[in-house]
Amino acid sequence: MFETISRLGALLFRFICSSWDLGILKQYSNLVHKSKTHQVTIELMGGLGNQLFALMAGTYAAYKLQVKLRPYLRKPGPTESVHKSSVRSLLSDVPVVTSLSKVERVWLALRFVARDFARRMRVPTRWISRITKLYVSPVVGYDKSLLAAKPGDFITGYFQTHRYMDELKMINRMPKLALTSESQWLQDHLQKLEATNPIIIHVRRGDYLLEKNDFIGALGVNYYLDALRLVDRDLEHQIKNRPIWIFSDEPSLVRQEFAGISEFESAQYIETPDEADPAESLFLMSAASSIVISNSTFSWWSAALSQGATVVAPSKWFKKSEDPDSLIPSTWLRAESSWLEKPPSVS
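The shown structure was predicted, so the numbers you read here are calculated from the model rather than taken from an experiment.

Caption draft 1: Layout of the nonpolar core. In terms of nonpolar packing, the biggest core is built from 64 residues, with Leu 146, Ile 155, Ile 293, Trp 300, Trp 301 and Trp 332 touching the most fellow members. Listed by contribution, the elements that provide at least two residues to this core are strand E1 (39-44), helix H3 (48-65), helix H6 (163-170), helix H7 (184-196), strand E6 (244-248), helix H10 (279-286), helix H11 (297-304) and strand E9 (310-314). The biggest single contributor to this core is H3, with 11 residues. The residues touching Ile 293, leaving out its near neighbours within four places in the chain, are His 202, Tyr 223, Tyr 224, Ser 299, Trp 300, Ala 303, Val 311, Val 312, Ala 313, Pro 314, Trp 317 and Trp 332. Counting residues in hydrophobic clusters, the runner-up holds 23 residues, among them Tyr 223, Leu 225, Ile 239 and Val 312.

Caption draft 2: A look at the packing of aromatic side chains. Taken as a whole, this structure holds 13 aromatic pairs when the rule is applied. Both rings, one in Tyr 223 and one in Tyr 224, keep their centres 4.8 Å apart while their planes meet at 70°; by these two values the pair is edge-to-face. Given the relative accessible area of 0%, Tyr 224 is considered buried. For the ring pair Trp 300 and Trp 332, a centre distance of 5.5 Å and an interplane angle of 55° mean the geometry is tilted.

Caption draft 3: Expanded view of the pairing of strand E2 (residues 68-73). Where E1 meets E2, six bridges bridge the pair, whose relative direction is parallel. Each bridged residue has a counterpart across the sheet, and for Leu 44 the counterpart in E2 is Leu 73. Each parallel crossover has a hand, and the one from E1 via H3 to E2 is right-handed.

Caption draft 4: Seen up close, the sheet that holds strand E8 (residues 290-292). Taken in spatial order, the six strands line up as E7-E6-E5-E8-E9-E10 in an open sheet, and their pairing is parallel. Strands with a single pairing partner mark the edges of an open sheet, and in this sheet they are strand E7 (268-270) and strand E10 (333-335). Geometrically, the sheet is characterised by an average inter-axis angle of 25° between neighbouring strands, direction not taken into account. With three bridges joining them, E6 and E7 adopt parallel strand pairing. Counterpart to Phe 247 in the pairing with E7 is Ile 270.

Caption draft 5: Seen up close, the sheet that holds strand E3 (residues 134-136). Spatial ordering of the open sheet is given by E2-E1-E4-E3, a layout of four strands whose pairing is parallel. With partners counted over all chains shown, the strands left at the sheet margins are E2 and E3, one partner each. Neighbour-to-neighbour, the strand axes of this sheet turn through a mean angle of 20°, independent of strand direction. Bridge analysis of E3 against strand E4 (residues 154-156) gives three bridges, and the strand direction is parallel. Bridging from a neighbouring strand, Tyr 135 pairs with Ile 155 of E4. Of the strands in this sheet, E1, E2 and E4 touch H3, which is tilted by about 170° from E1. Across the sheet, helix H4 (residues 102-120) is in contact with E2, E3 and E4; its angle to E3 comes to roughly 60°.

Caption draft 6: Spotlight on a nonpolar patch on the surface. A cluster of nonpolar residues, Tyr 63, Met 170 and Ile 171, forms a patch on the protein surface that exposes about 300 Å² of accessible area. Tracing the sequence through the fold places Tyr 63 in helix H3.

Caption draft 7: Seen up close, the pairing of E1. Here E1 lies mainly inside the structure; six of its six residues are buried. Residue alternation in E1 divides its side chains into two sets, Gln 39, Thr 41 and Glu 43 and Val 40, Ile 42 and Leu 44, and both sets are buried. Of the pairings in the sheet, the one linking E1 to E4 comprises two bridges and is parallel in character. Bridging from a neighbouring strand, Ile 42 pairs with Ile 155 of E4.

Procedures and definitions
- Residues numbered from 1 in each chain as written.
- Predicted model: local features only at pLDDT ≥ 70, side-chain atom pairs only at ≥ 80, totals over all residues.
- Heavy atoms only, no water.
- Core = buried A, V, L, I, M, F, W, Y, C linked by side-chain atoms within 4.5 Å.
- Buried < 20%, exposed > 50% of the residue type's maximum accessible area, 1.4 Å probe, protein only.
- Helix = DSSP H or I, 4+ residues; strand = E, 2+ residues; numbered from the N terminus.
- Contact = heavy atoms within 4.5 Å.
- Phe/Tyr/Trp six-rings, centres within 6.5 Å; stacked < 30°, edge-to-face > 60°.
- Pairing = 2+ DSSP bridges.
- Right-handed = clockwise from strand over helix to strand, strands pointing away.
- Axes fitted to C-alpha atoms, helices over the stretch in contact; angles between N-to-C directions.
- Patch = residues over 30% accessible without salt bridge, like charges linked within 9 Å, V, L, I, M, F, W, Y side chains within 5 Å.
- Areas by Shrake-Rupley, 256 points an atom, 1.4 Å probe, with all protein chains shown as cover.
- Salt bridge = Lys/Arg side-chain N within 4 Å of Asp/Glu carboxyl O.

Listed below in structure tokens is the structure:
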């Protein structure tokens with residue numbers, strides 16, 4: 001029924017356009033027809049890690065639906081964090097749309113308005129998706145209903161799970177992720193990493209310390225000490241022979257937090273220079289053989305893209321919210337999550 005209504009609607013728009021030569025209606029009609037069977041659009045939002053999760057889900061959905069994938073990199077809203085890197089730094093052979101035409105923006109906005117209205121009227125979810133051609137994931141992690149999306153749909157969500165990536169690897173459909181360019185800083189540090197084989201630690205601070213993000217939580221020093229004990233056990237107690245590299249978006253703050261702790265006395269803090277893309281830090285971390293991640297999708301992807309590294313992840317991902325389903329692979333070690341209650345101030 002909905003298929004018939006959609007076709008009749010498109011035909012009606014074309015008739016009106018040909019009769020009155022209304023350009024915007026022509027564009028709208030053509031847009032509906034074009035998006036009908038040839039592609040799905042996946043919205044890429046947030047930081048690089050979240051964009052990569054969405055890219056995996058979109059690639060998987062497009063493969064299953066036998067249509068093309070159209071990645072759309074949305075600009076952050078006025079209340080959202082601005083990040084310096086994006087998937088465009090890693091995708092040389094996949095075109096990423098960064099802006100929509102005026103007609104498509106209006107059409108998309110109207111679809112979201114229609115979705116909100118239908119939800120208030122308690123219309124069943126599957127009908128809302130069919131009517132609006134929107135698929136909005138109801139969960140943060142693995143979405144078992146993703147394939148309810150249809151050709152022509154606009155798909156949005158977080159999709160924080162390893163399962164789509166695993167599926168794509170099994171069917172040899174994993175997008176090729178490689179830096180489009182490398183700075184001298186990265187090349188130098190890759191050589192140092194190969195020569196010294198450091199243990200990588202990622203500490204996420206930044207907007208995690210804002211009150212509005214308290215539900216996420218910033219992991220405290222006790223988590224990292226527990227994680228190092230797991231690495232030490234995995235290395236058969238040879239950890240003292242390995243240097244420690246610490247990556248953070250707030251290195252000055254972390255230096256204060258870790259001050260006076262013997263395990264971190266000789267740690268080296270790795271800071272990406274302004275002229276280098278932050279994605280280079282992700283790839284540098286992924287080259288290590290031992291990685292301790294934070295509850296950050298950025299460091300999650302550094303571990304996921306590594307080649308057989310020992311990975312330690314927190315036992316609890318969110319401090320005050322339900323963790324994403326199927327986020328942490330079974331092969332990763334888990335250290336007990338402990339939370340930073342009050343960060344020191346940076347002088």
